[in-house]
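# Structural characterization, general
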Amino acid sequence: ATGAARPGLSRDPSAPTLRAATNSWTTDRLYSSAELKEKPDMSKFLVEDIRNFSIIAHVDHGKSTLADRLLELTGTIDKTKNNKQVLDKLQVERERGITVKAQTASLFYSFQGKQYLLNLIDTPGHVDFSYEVSRSLSACQGVLLVVDANEGIQAQTVANFFLAFEAQLTVIPVINKIDLKNADPDMVEKQIEKVFDIPSDECIKISAKLGTNVESVLQAVIERIPPPKVHRKNPLRALVFDSTFDQYRGVIANVALFDGVVSKGDKIVSAHNQKTYEVNEVGVLNPNEKSTHKLYAGQVGYLIAGMKDVTEAQIGDTLYLHNHPVEPLPGFKSAKPMVFAGMYPVDQSEYNNLKSAIEKLTLNDSSVTVHRDSSLALGAGWRLGFLGLLHMEVFNQRLEQEYNAAVILTTPTVPYKAVLSSAKLIKEYRQKEITIINPAQFPDKPKVTEYLEPIVLGTIITPDEYTGKIMMLCQARRAVQQNMMFIDQSRVMLKYLFPLNEIVVDFYDSLKSLSSGYASFDYEDAGYQTAELVKMDILLNGNIVEELVTIVHKDKAHTVGKTICERLKDTLPRQLFEIAIQAAIGNKIVARETVKPYRKNVLAKCYGGDITRKMKLLKRQAEGKKRMRKIGNIEVPKDAFIKVLKTQTNK
């Protein structure tokens with residue numbers, strides 16, 4: 001497939017139309033390869049010949065595989081056995097087999113003698129990346145809702161359907177994996193009809209892996225999805241729905257044009273920061289970047305305009321022509337971080353390198369929030385906000401793989417709120433309700449009228465034989481049941497209100513192990529509720545350790561305190577004096593562990609003799625230990641902090 005002298009293959013490896021001349025299904029479907037070597041003329045495509053659509057689904061239901069087949073079918077990529085996850089370009093995506101970042105590709109497709117431009121956006125399926133999905137949908141008029149014929153509707157399917165439904169997009173249900181021997185497409189049809197109220201005759205049954213019936217998906221896209229409602233004669237209005245950072249060219253902004261035309265050399269203005277830029281390059285993704293002379297309203301492509309700074313390409317920003325100001329597009333709801341964790345360089349001399357790595361990566365992933373932070377034990381660092389635990393792991397993995405950064409990541413916490421009681425405090429903080437993302441800044445009870453904790457509405461879909469176990473797990477996590485519904489004879493959909501801190505670390509793992517891997521889970525933000533929260537200090541011989549302060553619910557204080565004390569006992573080195581490790585709430589000790597001291601055997605020289613002689617030596621030793629404990633300073637080694645603070649993978 002390298003374009004060596006094999007008969008019938010195009011020799012030019014840069015041409016995205018590498019394909020065998022013998023493939024009859026690609027003939028007359030595309031521009032000729034000579035035309036593609038030049039810049040494609042995007043003015044050929046009238047607005048009514050454009051379709052913008054996304055593929056949405058639960059994790060592992062075959063979105064990326066379907067995208068591969070669509071790319072092959074339209075001749076955008078050569079048909080080979082190596083086409084797996086073509087649009088998943090990140091190393092972390094290929095390793096984990098999941099999509100993390102939405103990817104765009106423009107397909108040229110000939111149907112009933114007319115040439116169409118189809119803009120496809122492949123989206124992630126995991127709950128942590130639903131922000132990517134909602135951004136992608138803003139550039140579309142319709143979606144392909146892919147459901148696994150074997151697994152049926154799962155939690156993420158429901159969540160993604162409602163994202164598309166709220167955006168008033170056309171939904172085309174696609175039942176995938178009909179080639180599997182346990183597949184039951186008829187049952188899935190009934191589920192789709194019951195849960196989403198879509199008639200079963202609208203479902204398209206395919207096997208993306210084998211390419212069975214994929215052609216009818218393209219036909220449905222052309223026939224059912226409306227063309228974009230745009231005006232080419234109006235001045236330019238372009239929505240930035242994604243961006244990436246290139247070391248040499250600066251920021252590459254993915255744009256959807258709602259009005260007007262943009263071409264190289266145009267002077268454009270960002271509505272967000274009012275800066276003017278000159279457009280260096282415009283083009284379409286096919287699926288690799290292919291520059292064009294112009295982009296027209298209704299089309300989706302990329303734009304490079306010399307934006308060098310990370311903060312300049314705001315997701316949701318509107319770009320317009322210099323001297324032609326327009327009403328900015330509504331943009332998106334900004335992503336709300338659900339999980340916060342401290343991030344510190346392993347070596348403080350690496351601080352500046354890590355800072356630039358985080359800045360570049362947050363441009364590619366704008367849903368991460370960054371606050372400066374410092375700690376006595378770990379030095380200068382940041383407090384980062386993520387959309388969930390997988391999001392945090394993927395961000396950390398990308399830092400290591402793409403920027404060679406070694407970091408210490410602390411245990412994740414969630415953002416709490418406190419309602420202040422006195423006017424003096426409100427004046428000091430300049431607001432009545434403060435948000436706490438660092439447990440060390442948690443205000444004491446006398447200053448506060450009530451504490452609030454974040455809650456989420458969780459959806460669990462499970463085979464009914466596991467329902468009892470799952471309900472017990474939810475009750476143990478302080479969840480309140482909202483709803484229960486049978487999707488079909490054997491599957492139940494449960495809805496619960498969960499406190500976010502109860503599900504953030506290991507709930508998903510517990511759910512999977514209880515249900516033998518069959519249950520699926522999805523959650524959405526449901527605001528805040530009052531809670532009895534307490535700040536738990538960890539004391540070493542009576543001295544508070546700032547880094548280990550945690551916020552817990554009153555009912556869980558004892559168990560959490562005991563776990564931290566036990567973990568510290570295992571990691572602290574023994575001293576010549578006893579170390580008392582205590583978990584305290586205010587003045588009340590809720591858990592304690594003791595690190596025994598090293599002792600010299602002072603009785604070694606006493607063989608025989610009076611007992612009083614031995615007692616005298618032991619008493620003198622005990623007094624010495626007591627005195628040493630008073631003046632002894634416990635140096636907590638850095639690796640002990642790291643072991644206690646790091647996310648526990650062994651849970």
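None of these values were measured; they are calculated from a predicted model.

Right, let's get into the overall build of the protein chain. Looking only at helices and strands, the protein chain has 16 helices and 31 strands in total. For the protein chain, the proportion of its 651 residues judged to be buried stands at 54%. Look at the contacts in the protein chain between residues 6 or more apart in sequence, and 69% of them connect residues 24 or more apart. Counting only carbon and sulfur atoms, one obtains 50% of the accessible surface of the protein chain, whose full area is about 30,500 Å².

Take the side chain of Thr594 next. When you line up the elements, Thr594 lands in strand β31 (residues 588-595). Within the structure, Thr594 has its side chain in polar contact with the side chain of Arg592 (distance 3.3 Å). In this view, Thr594 contacts Lys569, Glu578 and Ile579; residues no more than four positions away in its chain are not counted.

Attention shifts here to the packing of aromatic side chains. Applying the stated criterion to the full structure yields eight aromatic pairs. Both rings, one in Phe161 and one in Phe165, keep their centres 5.7 Å apart while their planes meet at 20°; by these two values the pair is stacked. Pair noted here: Phe161 and Phe165 are both in helix α5 (residues 155-166), with a separation of four residues, about one helical turn. In this structure Phe165 comes out as exposed when scored by relative accessible area, which is 53%. Every member of this aromatic cluster is reached through a ring pair, and the members are Phe161, Phe162, Phe165 and Phe196. Stacked on the ring of Tyr528, the Lys or Arg Lys417 has its end atom at 4.4 Å from the ring centre.

Inspection of the secondary structure assignment puts Ser263 in strand β9 (residues 261-263). On the accessibility criterion, Ser263 (14% relative accessible area) is buried.

Turning next to the pattern of salt bridges. Scanning the entire structure with this criterion turns up 17 salt bridges. Across the pair Glu402 and Arg398 runs a salt bridge, and its minimum N-O distance is 2.9 Å. With Glu402 and Arg398 both in helix α9 (residues 389-403) and four residues apart, the pair spans about one turn of that helix. Look at Glu402 and you get partly exposed, because its relative accessible area is 34%.

Glancing now at the sheet that holds strand β18 (residues 369-375). With antiparallel pairing, the four strands of this open sheet are ordered in space as β18-β19-β17-β20. A strand with exactly one partner marks an edge of an open sheet, and here the two such strands are β18 and β20 (407-409). Adjacent strand axes in the sheet meet at a mean angle of 30°, parallel and antiparallel pairs treated alike. Bridge count for β18 against strand β19 (residues 379-386) is seven bridges, and the pairing is antiparallel. Within β19, the position partnered with Thr369 by the bridge is Gly385.

Turning next to the sheet that holds strand β15 (residues 300-304). An order of β11-β10-β16-β7-β8-β15-β12-β13 is seen for the eight strands of this open sheet, with the pairing classed as antiparallel. Every interior strand has two partners, whereas the edge strands, β11 (276-278) and β13 (289-292), have only one. Direction aside, the axes of adjacent strands within the sheet are offset by 40° on average. Pairing of strand β7 (residues 237-246) with strand β8 (residues 250-259) involves nine bridges; the strand directions are antiparallel. Its bridge partner lying in β8, Val240 is registered against Val255.

Thresholds, definitions, all that
- Residues numbered from 1 in each chain as written.
- Predicted model: local features only at pLDDT ≥ 70, side-chain atom pairs only at ≥ 80, totals over all residues.
- Heavy atoms only, no water.
- Helix = DSSP H or I, 4+ residues; strand = E, 2+ residues; numbered from the N terminus.
- Buried < 20%, exposed > 50% of the residue type's maximum accessible area, 1.4 Å probe, protein only.
- Contact = heavy atoms within 4.5 Å.
- Areas by Shrake-Rupley, 256 points an atom, 1.4 Å probe, with all protein chains shown as cover.
- Polar contact = N/O pair within 3.5 Å; in protein donor to acceptor, adjacent residues only side chain to side chain.
- Phe/Tyr/Trp six-rings, centres within 6.5 Å; stacked < 30°, edge-to-face > 60°.
- Lys NZ or Arg CZ within 6 Å of the ring centre and 35° of its normal.
- Salt bridge = Lys/Arg side-chain N within 4 Å of Asp/Glu carboxyl O.
- Pairing = 2+ DSSP bridges.
- Axes fitted to C-alpha atoms, helices over the stretch in contact; angles between N-to-C directions.

Purely geometric numbers; function is a separate question.
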